[in-house]
Amino acid sequence: MRLLCKFLAVLLPATLIGAALVLVLIRRAVEAVVVGGVERNAVVLARAAALDAAAGMASRQEVKVLPHLQALTQVKAALYAAALDTEGRIIAHTTITEKGKLDEDPLTRDALSAEAPRTWRSLSGPQPKLIVAVPIWAAPDAAGGDAFLLSLGRKRLGTLKLAVPLAPALKTVTDILHAVAMIVAVVAVLTLGLVVIILRGMLAPIQDLMSGLKRIGAGQYGMAVRADSRDELGDLARSFNAMSGELARTTVSKDYFESVVDNMYDLLVVSDAEGRIRTVNHAAAEALGDGDLIGRPLVDIFEAPPESGVVRDAEVVLRTKDGGRMTALFSASPLLDRDGRPRGRIGVAKDITERKRAEKALLAAKLAAESSAKELEAFSYSVAHDLRAPLRAVDGFSQILLDKYAGRLDEAGRDYLRRVREASGKMSGLIDDLLDLSRITRGPLKLATVDLSALAREIGEELRKAEPRRAVDFSVATGLTARGDAGLLRIAIGNLLGNSWKYTSRHARARIEFGARPLEGRTAYFVRDDGAGFDMAFVGRLFQPFTRLHATADFEGTGIGLALVERVIARHGGRVRCEGEVERGAVFYFTLWEDEP
Ligand SMILES: Nc1ncnc2c1ncn2[C@@H]1O[C@H](COP(=O)(O)OP(=O)(O)OP(=O)(O)O)[C@@H](O)[C@H]1O
Ligand SMILES: [Mg+2]
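Basis of the calculations
- Residues numbered from 1 in each chain as written.
- Chains lettered and ligands numbered in written order.
- Predicted model: local features only at pLDDT ≥ 70, side-chain atom pairs only at ≥ 80, totals over all residues.
- Heavy atoms only, no water.
- Core = buried A, V, L, I, M, F, W, Y, C linked by side-chain atoms within 4.5 Å.
- Buried < 20%, exposed > 50% of the residue type's maximum accessible area, 1.4 Å probe, protein only.
- Helix = DSSP H or I, 4+ residues; strand = E, 2+ residues; numbered from the N terminus.
- Contact = heavy atoms within 4.5 Å.
- Patch = residues over 30% accessible without salt bridge, like charges linked within 9 Å, V, L, I, M, F, W, Y side chains within 5 Å.
- Areas by Shrake-Rupley, 256 points an atom, 1.4 Å probe, with all protein chains shown as cover.
- Salt bridge = Lys/Arg side-chain N within 4 Å of Asp/Glu carboxyl O.
- Phe/Tyr/Trp six-rings, centres within 6.5 Å; stacked < 30°, edge-to-face > 60°.
- Lys NZ or Arg CZ within 6 Å of the ring centre and 35° of its normal.
- Near = heavy atom within 4 Å.
- Polar contact = N/O pair within 3.5 Å; in protein donor to acceptor, adjacent residues only side chain to side chain.
- 1 Å grid on protein atoms, 1.4 Å probe; cavity = no way out; pocket = protein on both sides within 12 Å on 5 of 7 lines; lining within 4 Å.
- Points joined across faces, edges and corners; volume = space filled by probe spheres on them.
- Expected span 1.5 Å × (residues − 1).
- Arc of directions from axis to C-beta.
- Pairing = 2+ DSSP bridges.
- Axes fitted to C-alpha atoms, helices over the stretch in contact; angles between N-to-C directions.

Asker: Describe in detail the nonpolar core, supporting the description with residues and values.
Answerer: Proteins that are soluble and globular tend to have nonpolar side chains buried together. Residues L452, I493, L497, F514, F588 and F590 are the most contacted members of the largest nonpolar core, which totals 42 residues. Ranked by residue count, the leading element in this core is helix 11 (residues 486-503), at 7 residues. In this view, F588 contacts L496, Y525, F526, V527, F534, L542, F543, L562, R577 and C578; residues no more than four positions away in its chain are not counted.

Below is the structure:
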């Protein structure tokens, strides 16, 4: 609206001045027409009267002149008419009292010598009047002819002066002017009204834009104004809408990025070229100190500042706001401007305090477990070792008893003795197994590349030699090699193949397979058979020493084989898994060096 007021403030005086000017010009024109008409008319009549009065003037006889003057005033409703001699003395006057006087009026005196008619306005007296002065020439000899042409070379007798009232003419002018003023006023008001309507229409889009700008100022990004006109204002509105949309998009993405940065779990710190902290995210503010972080030197937050420039996962200790310490993995890189000049540095720190604590606790637990396992191993080894001597004594003396005193014993006694020997033999086997188990975990690994395929084939041949009659389809994948301790791997693969050989023995035909396949992204070696299998419900017990799922009557064994396999594979950084189904076979997988890429 203010723009409209400004327009009106300019337009209104301009209209008034224009109207006044128009009125002045019109007044002049009307006056020229109306008064000019009166003037021309008066001159014509005065000339005619001058011709008529010429004879009287020649004889200077008032009585001959006055009737013409009176006739003239009647025709023209003139104020007065007078005939002056060449000196300006009044010969005849319609106002009798004026006769004989000398006309002192300077304009009249000028007219006395002028050959052409003179007119002027006189405002003296009660009403304005037009004075006309025409020369009176001596009457021509011949009658008729043009008075002007006839006057040439003729004698001047005097001047006829006629005073015509101007009031009626001026009233006509004023009346016309009033009418014109009314028309001008109406036209001006209509024009102004029209201009206001047009201006309002033109200013509406500008007002739209202004309110749009105010709303954007108040944070309503993305709002649009009407932009349907095809003119420059329409273009402006369209540009405004485009700008508003762009603003909304950039603002949204700014908000989006701010929320991403603020929702980061890791600490984000940005410093300027002087190494002072400029921006921190929520996590950094929480951990290192709220508002007071901004402006502080970046190095202040570190116990020992990391290197400058690019840093990748450097382990650092940060000073937390509560005076504590935070172990973190810190990565940083320089922030460059568009021209590649350094503007600062952006750093991200990942809190690993808990992880470190857990690692330490794990290490301690592992060391404790290892030491107690070692103690246990040492204990069981020494027990097993120490048991051997008395066991040998029991076995030896039982044998002596059988050899030397068999005759003194009855059959039952001899049977008991045989059982003692059997039991001690079994116990000796168990002791050997225990010692094997201990040995596997104790000695250092002799690492080399081992041809697993060849190893499996050798074991297969040994098994077949021991029981050549069995119909076993033994298949070994070629070219399987691995880094490991050949002796230990032989124990592991030997036990797995031995089990397959054993647990397929009750089937007329059997198939045993050694191979490798990818499993969970790694190479898993496997031993598969189609023998007795086992119930998956008991799979967890398979690897416990001396635990068996099958009865000795069905399949002989002590239950130490898989425990050995597990330990061997564990020492090779791998794991053993198995699947089985009763009477449909079993498959044992093992991996090696899982921690290595
Ligand atoms: N290939 C297999 N098929 C079916 N069951 C198996 C197989 N391998 C192992 N088992 C089951 O797992 C148990 C433990 O096996 P492990 O090799 O440790 O002992 P074992 O073979 O019984 O005796 P050992 O190997 O000490 O002579 C076995 O008793 C058997 O029940
Ligand atoms: Mg076994």
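Read on, since the account is not over.
Asker: So what's going on with a nonpolar patch on the surface? Which residues, and what values?
Answerer: Together, F379, V383, L387 and M427 line one region of the surface with nonpolar side chains, adding up to about 330 Å² of accessible area. Sort the elements by how many residues they give to the nonpolar patch and helix 8 (residues 353-404) lands first, with 3 residues. Judged by its relative accessible area of 35%, M427 is partly exposed.

Asker: Before we move on, could you go through the pattern of salt bridges and cite the residues and values that matter?
Answerer: All told, the structure shown has 31 salt bridges when counted by the stated rule. Close ionic contact of D266 with K350 constitutes a salt bridge, the shortest N to O distance being 3.6 Å. Of this pair, D266 sits in the loop between helix 6 (232-262) and strand 6 (267-272) while K350 sits in strand 10 (residues 342-351), and the two are 84 residues apart along the sequence. Classification of D266 by relative accessible area gives buried; the value is 16%. Relative accessible area serves as the criterion here: at 36%, K350 is assigned to the partly exposed category.

Asker: Provide a residue-level description of the packing of aromatic side chains, including the pertinent values.
Answerer: One pass over the full model with this rule turns up 7 aromatic pairs. Note on Y503 and F555: the rings are 4.8 Å apart at their centroids and 55° apart in plane angle, and the pair reads as tilted. Taken as a pair, Y503 in helix 11 and F555 in the loop between strand 15 (522-529) and helix 12 (561-571) lie far apart in primary sequence, 52 residues in all. Aromatic pair F543 and F588: ring centres 6.5 Å apart, planes at 70°, arrangement edge-to-face. You can see F543 sitting in the loop between strand 15 and helix 12 and its partner F588 sitting in strand 17 (residues 585-590), a full 45 residues away along the chain. There is no split in this pair, since F543 and F588 are both buried. An aromatic cluster is built from F534, F543 and F588, whose rings are joined through pairwise contacts. The cationic tip of R156 hangs over the ring face of W137; the distance from NZ or CZ to the ring centre is 5.6 Å. The side chain of R483 reaches across the aromatic face of W593, ending 4.7 Å from its centre.

Asker: I'd like a description of helix 12, backed by residues and values.
Answerer: Of the positions making up helix 12, those classed as buried are G561, L562, A563, L564, V565, V568 and I569. On its buried face, helix 12 sits against helix 9 (411-442), helix 11, strand 16 (576-581) and strand 17. Looking one or two places after helix 12, you find G573, whose phi comes out positive at around 65°.

Asker: Account for the site of ligand 1, with residues named and values stated.
Answerer: With respect to spatial proximity, 20 residues lie near ligand 1, and among them R548, H550, G559, I560 and L562 are the closest. Contact between ligand 1 and H550: an oxygen atom at 2.6 Å from a side-chain N or O atom of the residue. Between ligand 1 and the protein, one listed contact pairs an oxygen atom with a backbone N or O atom of I560 at 2.7 Å. Put simply, the parts of the chain that give the shell around ligand 1 at least two residues each are helix 11, helix 12 and strand 17. No other element matches helix 11, which puts 4 residues into the shell around ligand 1.

Asker: So what's going on with empty space enclosed by the protein? Residues and values would help.
Answerer: A complete count under the given rule lists 1 cavity of 30 Å³ or more for this structure. Size it by volume and the largest cavity reaches roughly 30 Å³. Taken together, L267, V269, L288, I301, L318, F330, G347, V348 and A349 make up the full set of residues lining the largest cavity. If you list the elements that add at least two residues to the lining of the largest cavity, you get strand 6 and strand 10.

Asker: Outline the side chain of S500, supporting the account with residue identities and numerical values.
Answerer: Tracing the backbone through its elements, the reader meets S500 in helix 11. Not counting residues within four places of it along the chain, the set of residues in contact with S500 comprises I512, V527 and D529.

Asker: With reference to specific residues and values, describe the side chain of S398.
Answerer: Within the secondary structure layout, S398 lies in helix 8. Taking relative accessible area as the criterion, S398 reaches 4% and is therefore assigned buried. Among the polar contacts listed, one links the side chain of S398 to the backbone oxygen of V394, at a separation of 2.4 Å.

Asker: Tell me about helix 10 (residues 452-466), residues and numbers included.
Answerer: In this model, helix 10 (15 residues) spans 21 Å end to end at C-alpha, consistent with the 21 Å of a helix rising 1.5 Å per residue. Three or more residues of helix 10 are buried, namely L452, S453, L455, A456, I459, G460 and L463. Looking straight down helix 10, one finds its buried side chains confined to an arc of 160°; they lie on one side. In helix 10, the exposed positions angled more than 90 degrees off the buried face are occupied by E461 and K465. Those residues of helix 10 hidden inside the fold are in contact with strand 11 (447-451), strand 12 (471-476), strand 13 (481-485), helix 11, strand 14 (509-519) and strand 15. The distance from a side-chain oxygen at the start of helix 10 to the backbone nitrogen of S453 is 3.2 Å, and the residue carrying that oxygen is D451.

Asker: Which residues make up the sheet that holds strand 6, and what are the values?
Answerer: One open sheet holds the 5 strands; their spatial order is 7-6-10-9-8, and the pairing between them is antiparallel. Looking along the sheet, the strands with just one partner apiece sit at the ends: strand 7 (277-280) and strand 8 (311-319). In this sheet, adjacent strand axes meet at a mean angle of 30° when their direction is disregarded. Two elements, strand 9 (residues 325-336) and strand 10, share 9 bridges in a ladder whose sense is antiparallel. Directly across from F330, in strand 10, lies its bridge partner A349. Contacting strand 8, strand 9 and strand 10, helix 8 runs over the sheet at an angle of about 135° to strand 9.

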